[in-house]
Structure formats: structure tokens, C-alpha cells
Amino acid sequence: MTIKDGILRSVVRGVGSALPKKTLTNDDLAKIVDTSDDWIVQRTGIERRQIAGEGETTSTLGTKAARAAMAQAGWAPEDIDLIVVATSTPDNTFPSSATQIQAALGITQGVAFDLQAVCAGFVFAVATADKFLLSGSHRRALVIGAETFSRILDWNDRSTCVLFGDGAGAIALEAVPGRGDTRDRGVLTTQIRSDGRHRAKLFVDGGPSSTQTVGHLRMEGKEVFRFAVGQVTGVVKDAFEATGLTAEDLDWFVPHQANRRIIDMSAQKLGIAPEKVVVTVQDHGNTSAASVPLALSVAVADGRIKPGHLVMLEAVGGGFTWGAALLRW
């Protein structure tokens, strides 16, 4: 089935990840706030998460993940002309974390910029890089999701501080000729959406222009849960419709790792078999824009995702923003 007139595809050449050194278990959190391992696991599926320490920032984690992806791809700094970093926790208001990663990697050509779509950021970044590569303006891209959410959490709020962790994941994308049908390797379609009416359900209560402070994350958990399950299934179905493929065709579903119950309910609504779902939330917590590439990195490293496999990515973030990307590995 033909789905594009063009002959270029954005093909994944490598994947990498990076996690902070410090692990924070549920039992550790029980010493900080009124919670327990049983309470957290039953409601979220999270058992542990990594927390950035001294000298670990969004850009340092993003750099490590990017280096790993470059090594797997066999790329040198001079091979890369585009870097898109999805993050809501940049090192500085400016310059962008992307330019700091660019400098750390020794890349002196091309363009590097940040993209902010919260937990949906990596899917948005894949969609953005894909458009650059398909246009012919750029050839090789690093797409990175990197976050240090621990630095915007209210550690007295047990409803939010138990959910999030820090980390980074990256993929190396290259524009290569394709047939123009669903047998092609690479990104087959991306579907991204946003609706700003839902700000109050998930936001940070600070910023340079409003409070001149960083602020803390605030969330209406039940409302976010309801929206996530409802809207994610919509964009995934749109991706299937755009390509003529179905849930049965999928080899792997790699969702945003926010909450085990959201993951399970979304897969069930979409008719995706549980054995096709990649789940890492128990080990990393919700790492926002880093969660999808971290999960990808785990599934590639352990041999589950192989060349030729059909993989669906999806995520929902504050705003609300949400999206899906269907690609053949």
C-alpha cells in the first residue's frame, strides 16, 4: 500500500540511553513522605527510579545517551547535521540544552534546538526530525528525550513525587531511500495533537515570565489518567488508518511509561496483546520525554526489537499534548 509519494524514510540507525547513578526505591520514599511500597506499586506499577545527583543534568544525561546512539550507528560528529532535544527541564532558560549537547559531542555544523511538549516530547521530536529529513534539508539526526524532573518536584507532595524519575534516551535517524510503502524501514507516519484548554490538569506553577522561579509540578491525577487512556487510543488508531496497518500487524507497542494501569488499559482498548507491550515503568518511573526512548533502548538491548519489526510509539503530556509514531525498525 502506497502511503507517500516521496522516496525518503527516516530510518533508526542506533539507540542509546543514560540514567543517573542514584536509585530511589519506594521504601526510600516512604522515609520522606507518607507512602509505602505497596501503595505505589498497586497504583502505578513503579518500584524504583533514578534521581540526578551533583554534576548530572539534562544535557549531561542527554549527551551520554546520544553518544551511545552514535556508537551503535557508527557515526562520527561530522556525520550529524540535526539535533532535536525533547525536554521540559533544560539546564538553563537559554541557551538550549540541544546546543550544549551539540558542543559536548564536538558537532560544529548543522542545527540543534530544544522542543517542549512535556511527556509527549519525544514523539513530537521524532515527528519534527522526520519532516526535516524527508524535506532533504538534513541527512542525519539525533533525536533525544532528556529530563531531570526530580528538580521540579514538590517532595512533600506524595501524589506526584513518587511518580517521576530522571534519565535520557536517544535515537540516531538517517534519511534513506524507500519504496514508499509499509514494507519500508523507518518512520511510516506520525500523528501529533495538542489542546491547551487542559492546562490546570498538569502544569508547573512557575516560570521566567510569570513567577521568575522554576516552580513545582502540579497534577490532577484522575483527570490525567482519564484523558491519557481516551486520547492515546485515538492517535494510535489514526496512525493505523494512515498506513492501512492494524494492531495485529504490530510487533511491539512502546508507550509512554507513566503508569502501569494506563499502559494496560490503553493496550487493551487498542486490541494489542500484552506480550507485545514494552513496559519499563517499574524500573524508571515516569521520565517524561525520556521514557519512550529509554524503553526502546531496553527492548533493543535485550533483543526484543529487531530489524524489520513494526513498532508503535505513543505518549501524552501536559498541555495537553499527545501523539503516536509508527515505524519499522
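A brief look at the structure comes next. (Residues numbered from 1 in each chain as written. Predicted model: local features only at pLDDT ≥ 70, side-chain atom pairs only at ≥ 80, totals over all residues. Heavy atoms only, no water.)

Across its full length, the chain carries 10 helices and 13 strands. Computed over the C-alpha atoms, the radius of gyration of the chain is 19 Å, within 12% of the 20 Å expected from 2.2 N^0.38 for a compact globule of 329 residues. With the C-alpha coordinates aligned to their principal axes, the bounding extent of the chain is approximately 55 × 45 × 40 Å. Residues counted as buried form 57% of the 329 residues belonging to the chain. Intrachain contacts of the chain at a sequence separation of at least 6 include 76% that bridge at least 24 residues. Here the chain contributes 34 positively and 36 negatively charged side chains, and the mean placements of these two sets differ by 2 Å. (Helix = DSSP H or I, 4+ residues; strand = E, 2+ residues; numbered from the N terminus. Rg over C-alpha atoms; globule rule 2.2 N^0.38 Å. Buried < 20%, exposed > 50% of the residue type's maximum accessible area, 1.4 Å probe, protein only. Contact = heavy atoms within 4.5 Å. Lys, Arg positive; Asp, Glu negative; His and termini not counted. Charge placed at Lys NZ, Arg CZ, Asp CG, Glu CD.)

What follows concerns the sheet that holds strand S13 (residues 321-328). Reading across the sheet, the four strands line up as S8-S13-S12-S11 and stay open at both edges, with mixed pairing between neighbours. Edge positions in the sheet fall to strand S8 (186-194) and strand S11 (252-255), since each of these pairs with one other strand and no more. The mean angle between the axes of side-by-side strands here comes to 10 degrees, regardless of whether they run parallel or antiparallel. Sheet topology note: the S8/S13 ladder contains eight bridges and is antiparallel. Counted as the bridge partner of threonine 190 is alanine 325 from S13. (Pairing = 2+ DSSP bridges. Axes fitted to C-alpha atoms, helices over the stretch in contact; angles between N-to-C directions.)

So, about the nonpolar core. Among the nonpolar cores identified, the biggest contains 47 residues, and Val236, Leu250, Phe253, Ile272, Met312 and Leu326 are the most heavily contacted of them. Other than its neighbours up to four places away in sequence, methionine 312 contacts Val236, Ala239, Phe240, Leu250, Trp252, Phe253, Val254, Ala324, Ala325 and Leu326. If you look at the next biggest cluster of nonpolar residues, it comprises 37 residues, including Val126, Val143, Leu173 and Ala315. (Core = buried A, V, L, I, M, F, W, Y, C linked by side-chain atoms within 4.5 Å.)

Turning our attention to the pairing of strand S12 (residues 310-317). Summarising burial for S12: eight of the eight residues are buried, a large majority. Side chains Leu310, Met312, Glu314 and Val316 of S12 all project onto a buried face; the interleaved residues Val311, Leu313, Ala315 and Gly317 project onto the opposite face, where all are buried too. Alignment of S11 against S12, held across four bridges, turns out to be parallel. Counterpart to proline 255 in the pairing with S12 is glutamate 314. Across eight bridges, the pairing between S12 and S13 is antiparallel. Its bridge partner being in S13, glycine 317 is matched across the sheet by threonine 321. In sequence, S12 turns back onto S13 through a hairpin of three residues, with glycine 319 there showing a positive phi of about 140 degrees.

What follows is about the packing of aromatic side chains. What the rule picks out here adds up to four aromatic pairs. Consider the rings of phenylalanine 227 and tryptophan 322, whose centres lie 5.1 Å apart with planes at 85 degrees: the pair is edge-to-face. Pair noted here: phenylalanine 227 is in helix H7 (residues 221-243) and tryptophan 322 is in strand S13, with a separation of 95 residues, a long-range link. This pair shows no difference in class: phenylalanine 227 is buried, exactly as tryptophan 322 is. An aromatic cluster is defined as three or more aromatic residues linked by ring pairs; in this entry it consists of Phe227, Phe320 and Trp322. Lying over the aromatic face of tryptophan 39, arginine 158 brings its terminal NZ or CZ to 4.7 Å of the ring centre. Here the basic side chain of arginine 199 rests over the ring of phenylalanine 203, its NZ or CZ set 4.5 Å away from the ring centre. (Phe/Tyr/Trp six-rings, centres within 6.5 Å; stacked < 30°, edge-to-face > 60°. Lys NZ or Arg CZ within 6 Å of the ring centre and 35° of its normal.)

Here we come to the packing of helix H3 (residues 58-73) against helix H4 (residues 97-104). Interhelical geometry of H3 versus H4 gives an angle of 50 degrees and a closest axis separation of 9 Å. The angle between H3 and H4 places the two elements in the oblique class. Crossing geometry of H3 relative to H4 is assigned as right-handed. Contacts between H3 and H4 involve Thr58, Ser59, Gly62, Thr63 and Arg67 from the former and Ser97, Gln100, Ile101 and Ala104 from the latter. Partitioned by chemical class, the residues of the contact of H3 with H4 number two nonpolar, six polar and one charged. (Parallel < 35°, antiparallel > 145°, perpendicular 65-115°, else oblique. Left-handed = near helix turned anticlockwise from the far one by under 90°. Nonpolar A, V, L, I, M, F, W, Y, C, P; charged D, E, K, R; others polar.)

Here we take up the layout of surface pockets. To find leftover empty space, a probe the size of one water molecule is rolled over the atoms. Reported here for the largest pocket is a volume of approximately 760 Å³. Ser88, Thr89, Pro90, Ile152 and Val214 are the residues nearest the centre of the largest pocket, which is lined by 31 residues in total. A per-element tally of the lining of the largest pocket places strand S9 (residues 202-204) first, with three residues. Within the lining of the largest pocket, the residues separate by chemical class into 11 nonpolar, 17 polar and three charged. Looking at the second largest pocket, its volume works out to about 640 Å³. Along the wall of the second largest pocket there are 29 residues; nearest its centre are Leu163, Met219, Gly221, Phe225 and Asn259. Mapped by element, the contributors of at least two residues to the lining of the second largest pocket are helix H2 (37-44), helix H6 (158-161), strand S10 (217-219), H7, helix H8 (260-270) and S12. Residues of the lining of the second largest pocket, tallied by class, amount to 18 nonpolar, six polar and five charged. (1 Å grid on protein atoms, 1.4 Å probe; cavity = no way out; pocket = protein on both sides within 12 Å on 5 of 7 lines; lining within 4 Å. Points joined across faces, edges and corners; volume = space filled by probe spheres on them.)

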